[in-house]
Each structure stands twice: as structure tokens, then as C-alpha cells.
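# Understanding the architecture of this molecule
Here is how the chains run, residue by residue.
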Amino acid sequence: MSIGMLRYITRSRLAFILFLISLYPIRLGAQSLQGDPSGYVDFSEFEERFGTEASLEVDIRGQMLQLVAEASREEDPELAELLDRLEAIQVRGFPMLRSQFRRMESHSRALADQLENEGWNTVVKLRDYGQYVDVYAKENESSIEGLMMMVVDTELGETVLINIVGSMQAEELGRIGNRFNIAPLEEVMGDQ
Amino acid sequence: MNKSYEHDSEGMDAWVNERLEAYLDNQLPPEEAQQVEQWLDGDNRWHEELTLAMHIRDELRSFRSPVCPPHVAHTVLKNARRDTWLSFTSRLNHFFSGGWAIYWKPILATMTLLVIASMLLFRVPLHHNTQASEEVTQLEIDQALDEVKWTLGYVSKTGRLTGASVEDALAPLLKDLPKE
């Protein structure tokens, strides 16, 4: 190392130390979700907007996702193969009163703006009586890198946010998901 | 002329005396030692000089070596150690205040950065190992599998309902279209 370089390092040592420190959270984040891939959505902001804690909370990622894939491999190899390619599955469920429907509409618009600014494509935007469904996808050339779904249903009194991170195809999500009979959200919430 | 002779004579005497001392100490090469022995045979004066030198040497050897008193030895060693330390600190001060002053700060800064970088790099795998070593029970895995199935089922069902809603919205329009 030349003396000139050493002098340069001395002068810029504060900047260099800050640079090293700034790398630290990135490396730590990489342990949990590979440094937040592009298909990942941070739900903490939405929880603040709702002003209440989620009644249903699912966070499956990393080692747990691998274990789930292994657990399902014998019974359902196609599901296991899909889970191998996924990096995270996160769900938030919020109970909602009918009177909150208007407020959900503004949340939905804010969510759409934010996701579109981050490069997400709007796949479905359904405005039916008593029901909002927004589906966004982060795509690359050959597959979906992330799926974000927001369902507001006044009939059932629920708002559900789902974010699936990883490489997937829309038709395989539908095909595999068809096999599972789902319980209504209020029953799932009751299990929490 | 006479002065020059004296000078030459004195110089010669000193040279021969030097040789005699060396001869007495067995320090001369064989050729020179043989030459000195020839001088000794040819000149009685040099023979007397040699005898005197031998006598002085023997007398010196007969002297007893003086023993250094303990307090003197202690003081000498103490002063020697102090001088060594002063010399070391003096050289150290000279190093940091002299030409090397421009080097040690960059070296110290570089070493500090290397230590920080090492700490950061080695801390991450430790953290990772801690996470990996967390035990997950079969119950937690089964529950997570149920949640995965529920999520995929929900996504699939919502997709079907969305498709059905679009069809419902389009149905009246399709009905009004003229049939071919």
C-alpha cells in the first residue's frame, strides 16, 4: 500500500467507517430475506395506516419456508417445488367495520400509488359493491418476482394483505391454490 | 641530516618494538617471527628489550584481579539500564517526531479500519449461525404449512372470484351484441 493511499485513507477515514457501518444492516437484512428482493413489500407502513395491529399475521420465510417445503415434498411435490422458489409469504388480516370502507378506499389508492412508483404493475383492480380487490405483480422477463394482493370485503368485514415473494407463475398459483379449501378469515383469526 | 637520522632511528625502534610485542604474544606470521629472531641474535640491545618485555608481561600476569564491590556493580548496572531506556525513548521520540511522523497516523488509521472491517465481517456469520441453530418444532412446521396452504387457497379463490366478477360485469354487454 502506497503512502499516498494511506494518507488518502486517513483523510477519508470517517467516510470509510460510515460506509462500513452502513453495510452492516444490509448484511443482516440479507440473513432474513436476501436484502429485501424487489418483490418484497414492507407491511409495517400499512399497519400504521390502518391504525391497528393485524389480527392475522403470517410471516414465513428463510429456514421455515425451506422446512415447510420439505414437509410437503412427499405429499405434494408441486407445492414443494413452488415453495423452493419462494423467498417469503406474508399475510396481514384486519377486521373491518362497514363504516371504515371509505377509509379503506383511500388506503387502497395510496397503496396503488406507492407500488406503481416502485415498479409494480397493476394486474387486477376490481371495484364491486362492497368489495375491493387490487392485485399487483412485480415481473421480470419470464416470471413474477412478487405478488401483492389487497382484498377489502365489507360483506365479510375483513381486509387482507398478501405478499408472496419469489419466482412464480400466475397459473401455478391458481392451480396449486385450487386444491386447498380455505376457511373464512374470521375462523383463521380465531385460531391466532 | 642528523635530525632525519634520529627520526628514522626512532621510527625503526618503534617498528621493532611493535614486532617484539607481537612476537611475545605469538601474533607474528612465521616469516616475520624468523626475521625477529635473527635481529635478536644479531643485536644484543633487542635481546634486552625482549627480556624486559617478558618481565613486564609476567609481572602483569602476577597481579590479582580486583573484585568489584557489590554496590559499585549495582550502580553501574542501574546506570547502564537507565542509559539503555533513555536511548530507546530518545529513538522512539525521534521516530514519531521526525520523518516517520507522516507515516504512523495513516498506518494507525488503516489498522483501525481493518479491525472494524474484520469485526463486521466476522459478526454476520456468527449471527447467522445463531439463527440457523434455532430449533423449529414439527408443530410449528405443520402450522406454517397450513398457513401456506391457506394463503395460496385464498389467492386462488380471490382470482376465481375476480374473474367471475368481470364476467358478471361483461355479461349484459355481451348479451346485447348482435349475433353473427
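## Description of the sheet that holds strand β5 (residues 144-153) of chain A
All names here are of chain A. With antiparallel pairing, the six strands of this open sheet are ordered in space as β1-β2-β6-β5-β4-β3. Either end of the sheet is taken by a strand with one partner, and the two such strands are β1 (56-61) and β3 (121-128). Looking at each pair of strands side by side, their axes are set apart by 5° on average, direction ignored. Of the strand pairs in this sheet, strand β4 (residues 131-139) and β5 are connected by nine bridges, and their pairing is antiparallel. The partner of Glu139 across the bridge, within β5, is Ile144.

## So, the confidence of the model for chain B
All names here are of chain B. In this model, chain B carries a mean pLDDT of 78, and residues with pLDDT of at least 70 account for 76%. The low-confidence segment residues 1-6 (pLDDT under 50) makes zero contacts with residues lying over four places distant or belonging to another chain. Under a pLDDT of 50 for its full length, residues 125-133 has, in the predicted model, five contacts with residues more than four places off or in other chains.

## Concerning the packing of helix α2 (residues 30-42) of chain B against helix α3 (residues 44-62) of chain B
Residue and element names in this part refer to chain B. Between α2 and α3, whose axes approach to 5 Å, the crossing angle comes to 115°. Looking at the two axes, α2 sits roughly perpendicular to α3. Where α2 approaches α3, its residues Trp39, Leu40 and Gly42 are matched on the opposing element by Asn44, Trp46, His47 and Leu50. Here the contact of α2 with α3 is composed, by residue class, of four nonpolar, three polar and no charged.

## A closer look at the packing of helix α5 (residues 77-85) of chain A against helix α7 (residues 170-177) of chain A
Residue and element names in this part refer to chain A. Interaxial distance between α5 and α7 falls to 11 Å at its minimum, and their mutual angle equals 135°. Put simply, α5 runs oblique to α7. For α5 against α7, the interelement crossing comes out left-handed. Residues Glu78, Leu79, Leu82 and Arg85 of α5 lie in contact with α7, whose contacting residues are Glu172, Leu173, Arg175 and Ile176. Here the contact of α5 with α7 is composed, by residue class, of four nonpolar, no polar and four charged.

## Considering the pattern of salt bridges
Residues and elements named next belong to chain A. Taken as a whole, this structure holds 16 salt bridges over all chains when the rule is applied. Put simply, Glu78 and Arg179 hold a salt bridge, and the shortest N to O gap is 2.1 Å. Note that Glu78 is positioned in helix α5 and Arg179 in the loop between α7 and α8 (185-191), a separation of 101 residues in sequence. A residue is classified by how much of its surface remains accessible, and Glu78, at 25% relative accessible area, is partly exposed. By relative accessible area, Arg179 is classed as partly exposed at 39%. Of the charged contacts in the structure, one is a salt bridge between Glu172 and Arg85, with a shortest N-O distance of 3.0 Å. Of this pair, Glu172 sits in helix α7 while Arg85 sits in helix α5; the two residues are 87 residues apart in sequence, bridging distant segments of the chain. Here Glu172 falls in the buried class, since its relative accessible area comes to 7%. For Arg85, a relative accessible area of 26% translates into the label partly exposed. Salt bridges linked by common partners bring Glu57, Asp59, Arg61 and Arg92 together as one network.

## With respect to the pairing of β5(A)
Remember that side chains alternate between the two faces of the sheet whenever the strand is regular. Residue and element names in this part refer to chain A. Counting buried residues along β5, nine of its ten residues qualify, which places the element largely inside the surrounding structure. Between β4 and β5, which pair antiparallel one after the other, the connecting turn spans four residues. Turn length for the β5-strand β6 (residues 158-168) hairpin, with the two strands adjacent in sequence and antiparallel, is four residues, and the turn residue Gly157 shows positive phi of about 65°.

## Thoughts on the side chain of B:Arg19
All names here are of chain B. Here Arg19 lies in helix α1 (residues 2-24). Its relative accessible area of 17% is what places Arg19 among the buried residues. There is a polar contact of 2.8 Å between the side chain of Arg19 and the side chain of Glu32. Leaving out residues up to four positions away in the same chain, Arg19 has contacts with Leu28, Glu32 and Val36.

Thresholds applied
Residues numbered from 1 in each chain as written. Chains lettered and ligands numbered in written order. Predicted model: local features only at pLDDT ≥ 70, side-chain atom pairs only at ≥ 80, totals over all residues. Heavy atoms only, no water. Pairing = 2+ DSSP bridges. Helix = DSSP H or I, 4+ residues; strand = E, 2+ residues; numbered from the N terminus. Axes fitted to C-alpha atoms, helices over the stretch in contact; angles between N-to-C directions. pLDDT = per-residue confidence, 0-100. Contact = heavy atoms within 4.5 Å. Parallel < 35°, antiparallel > 145°, perpendicular 65-115°, else oblique. Nonpolar A, V, L, I, M, F, W, Y, C, P; charged D, E, K, R; others polar. Left-handed = near helix turned anticlockwise from the far one by under 90°. Salt bridge = Lys/Arg side-chain N within 4 Å of Asp/Glu carboxyl O. Buried < 20%, exposed > 50% of the residue type's maximum accessible area, 1.4 Å probe, protein only. Polar contact = N/O pair within 3.5 Å; in protein donor to acceptor, adjacent residues only side chain to side chain.

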